[in-house]
Amino acid sequence: MSFKVKREYVERIISTCERVLRRGVDPFTIEVERYIKYLRDFLSQSSSTEDLVLDLEALEALSRVVEFQGRWVRDKSSKLYFDPLIIEAKVKSLSLSDLAHILCQAMRPIASVRLISRMGFEEAAKYWVNLPPLRGRWGRLPPQTSTIESISFEDLIRERLALKGSFSEMIEEFWGRVKEASKGGKIYYWDFIRSNSFEESVLKAYMLSYLVSYGYVGLDYDPKVDDYLIIPYEEKVQVSGSNSIAISISYDEWLRRVRGV
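Remember, it's a predicted structure, so these values are computed and weren't measured experimentally.

> So, the pattern of salt bridges: which residues are in play, and what are the values?
Taken as a whole, this structure holds nine salt bridges when the rule is applied. Across the pair E31 and R34 runs a salt bridge whose closest N-O atoms are separated by 3.0 Å. Taking the relative accessible area as the measure of exposure, E31 reaches 42% and is therefore partly exposed. The shortest N-O distance in the salt bridge between E253 and R256 comes to 2.7 Å. Of the two residues, E253 and R256 both sit in helix α12 (residues 251-259), three residues apart, roughly one turn of that helix. Look at E253 and you get buried, because its relative accessible area is 18%. R256 sits in the partly exposed class, given a relative accessible area of 45%.

> Let's hear about the nonpolar core: which residues, and what values?
One finds V178, Y189, F192, L208, L211, V217 and I230 to be the most contacted residues of the largest nonpolar core, which totals 21 residues. Mapped onto this core, the elements with two or more residues apiece are α9 (167-182), α10 (189-193), α11 (198-213), β2 (217-222), β3 (227-232) and α12. L211 has contacts with I171, F174, W175, V178, Y216 and V217, leaving out every residue within four places of it along the chain. Counting residues in hydrophobic clusters, the runner-up holds 20 residues, among them Y38, A58, A61 and L62.

Criteria and thresholds
Residues numbered from 1 in each chain as written. Predicted model: local features only at pLDDT ≥ 70, side-chain atom pairs only at ≥ 80, totals over all residues. Heavy atoms only, no water. Salt bridge = Lys/Arg side-chain N within 4 Å of Asp/Glu carboxyl O. Buried < 20%, exposed > 50% of the residue type's maximum accessible area, 1.4 Å probe, protein only. Helix = DSSP H or I, 4+ residues; strand = E, 2+ residues; numbered from the N terminus. Core = buried A, V, L, I, M, F, W, Y, C linked by side-chain atoms within 4.5 Å. Contact = heavy atoms within 4.5 Å.

Written as structure tokens, this is what we have:
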């Protein structure tokens, strides 16, 4: 492998780290240990100041990824989130005896002969034997009545059971609101969805998720304030691939962020 190719690989390491930090996706997709070994070999073969600076930039990007991994683990553990790979590794490390013991502790059968006495079975049998036929019990049910009423389209819109215009028009209109709120720059996520009512904030978050998915706006995580920056694009961009970013908007979180409760 030529040294030019190695330099390009180091540049790809930096861009990969920046992409993970910018999008806030799973930082454990970065093979930090393997990249550090590669940078060590690259440093030993470097002969120019530019190569040393490039190696330092890559090492600094990896250190920020490691820092992000720590915050990621703390955030997931605070929300009682368990990664499937961690659970799988934990299960594989347990012996059959330990697994059987855990199963006995966790199993909650819906019925057990030890919990139902013979007298209980007899009482249940008497109940079903003496229960009148279903046909005879129907007369006790009130007759069903149904009426047909009409409702105007304006009332449906007012009750949020119908859309005013097409969904694409709503997306375009909401995109304009984001641009106006950001004033040609960026705006924090919670500053934008902040509203007087929790329902309005949820609606803004819902519409914003479509703008991100369809390439109208971008999100950039700011670890200093633990919030995302909304970056509205001037034109819709083509989105390649997909990454999920979970942002909690529970009522308690809304009260803390909006009203400081």
